[in-house]
Amino acid sequence: AQSVAQPEDQVNVAEGNPLTVKCTYSVSGNPYLFWYVQYPNRGLQFLLKYITGDNLVKGSYGFEAEFNKSQTSFHLKKPSALVSDSALYFCAVRDVNTGFQKLVFGTGTRLLVSP
Amino acid sequence: DARVTQTPRHKVTEMGQEVTMRCQPILGHNTVFWYRQTMMQGLELLAYFRNRAPLDDSGMPKDRFSAEMPDATLATLKIQPSEPRDSAVYFCASGPKSDTQYFGPGTRLTVL
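Every value quoted in this text rests on a predicted model; they were computed, and no experiment measured them. (Residues numbered from 1 in each chain as written. Chains lettered and ligands numbered in written order. Predicted model: local features only at pLDDT ≥ 70, side-chain atom pairs only at ≥ 80, totals over all residues. Heavy atoms only, no water.)

A.B. asks: Would you mind showing me how to read the packing of aromatic side chains here?
C.D. replies: We describe a pair of aromatic rings using the distance from one ring centre to the other and the angle between the two ring planes. Tallied over the full model, the rule gives 15 aromatic pairs over all chains. Measuring from centroid to centroid gives 4.7 Å for Phe-33 of chain B and Tyr-48 of chain B, while their planes differ by 5°, and the two rings are stacked. With Phe-33 of chain B in strand 4 (residues 31-38) and Tyr-48 of chain B in strand 5 (residues 42-50), this pair connects stretches of sequence that are 15 residues apart. With respect to class, Phe-33 of chain B is no different from Tyr-48 of chain B; both count as buried. With a centroid separation of 6.3 Å and an interplanar angle of 75°, the aromatic rings of Phe-91 of chain B and Phe-103 of chain B are classed as edge-to-face. Of this pair, Phe-91 of chain B sits in strand 9 (residues 88-95) while Phe-103 of chain B sits in strand 10 (residues 102-103), and the two are twelve residues apart along the sequence. Here the aromatic residues Phe-34, Tyr-36, Phe-46, Phe-90 and Phe-105 of chain A together with Phe-33, Tyr-35, Tyr-48, Phe-91 and Phe-103 of chain B are joined through ring pairs into a cluster of three or more. (Phe/Tyr/Trp six-rings, centres within 6.5 Å; stacked < 30°, edge-to-face > 60°. Helix = DSSP H or I, 4+ residues; strand = E, 2+ residues; numbered from the N terminus. Buried < 20%, exposed > 50% of the residue type's maximum accessible area, 1.4 Å probe, protein only.)

A.B. asks: When you look at the environment of Asp-1 of chain B in this model, what are you seeing that I'm missing?
C.D. replies: Within the secondary structure, Asp-1 of chain B sits in the segment before strand 1 (5-7). Along the chain, Asp-1 of chain B and Ile-26 of chain B lie 25 residues apart, while their C-alpha atoms are 9.9 Å from each other.

A.B. asks: Mind showing me how you'd approach the nonpolar core here?
C.D. replies: In globular proteins that are soluble, nonpolar side chains generally tend to be buried together. Within the largest apolar cluster, 27 residues are counted, with the highest numbers of intra-cluster contacts made by Trp-35, Leu-47, Leu-48, Phe-74, Leu-76 and Tyr-89 of chain A. Of all the secondary-structure elements, those providing two or more residues to this core are strand 2 (10-14), strand 3 (19-21), strand 5 (31-38), strand 6 (44-50), strand 8 (64-68), strand 9 (73-78), strand 10 (87-95) and strand 12 (109-114) of chain A. Considering each element in turn, this core owes the most residues, four residues, to strand 10 of chain A. Setting aside chain neighbours within four positions, we find Leu-76 of chain A in contact with Leu-19, Thr-20, Val-21, Trp-35, Leu-47, Leu-48, Phe-63, Glu-64, Ala-65 and Tyr-89 of chain A. Counting residues in each nonpolar core, the second largest holds 22 residues, with Val-19, Met-60, Leu-77 and Tyr-90 of chain B among its members. (Core = buried A, V, L, I, M, F, W, Y, C linked by side-chain atoms within 4.5 Å. Contact = heavy atoms within 4.5 Å.)

A.B. asks: Would you take a moment to explain the pattern of salt bridges for this structure?
C.D. replies: When charged atoms on two side chains of opposite charge get close, those side chains can pair. Residues and elements named next belong to chain A. Evaluated as defined, the whole model comprises eight salt bridges over all chains. Among the ionic pairs, Glu-64 bridges to Lys-58, the shortest N-O distance being 2.9 Å. For Glu-64, a relative accessible area of 18% translates into the label buried. Between Lys-77 and Glu-66 there is a salt bridge, and its shortest N-O distance comes to 3.1 Å. Of this pair, Lys-77 sits in strand 9 while Glu-66 sits in strand 8; the two residues are eleven residues apart in sequence, bridging distant segments of the chain. Relative accessible area serves as the criterion here: at 28%, Lys-77 is assigned to the partly exposed category. (Salt bridge = Lys/Arg side-chain N within 4 Å of Asp/Glu carboxyl O.)

Below you can see the structure in the form of structure tokens.
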């Protein structure tokens, strides 16, 4: 069964510093990978996705993610963190071979950006 | 700016009562998902519809939960009877034929 793992419950970074939120995946077949963000008392918002092509995917709010097939990783990155980036971040995967559009979400990583 | 809407946003009820949550997907989206989010379990997929037909409800407790799409503009999730362990935030999401899902603001359910 397809799955994603987010090894860090929380990531702390100072404003202005680069940030990385880690995600590794396990699928049979080609992975479709996603990042979503959840602000307090809100639903999840789509950030970016990888389907095929360039290993570096650019998304909303200045975020990008790097797909690494050999390491089965899809880490979320941003060159310069903002306090407003503080939120809960979810990695998700869909196994294209299932034929469904169902996503399997990770457990989430809380990002805390300090001023 | 098209959005998924959910009602009610908050619901407090007593154990044993019926709860109905409603979702209006984005017009033109052909897939609808129901999720439940708790601190302990994280985000769980409860049910999934494509073109109003249920495709997967394996994540849903069948004895008390039911999900339907009476028409393309309305999806419902019912719990009868409700139990305290059902307390959670319930999200609806819709999607076009691509894989991206768009989430509603959620219904926060508290069962006393």
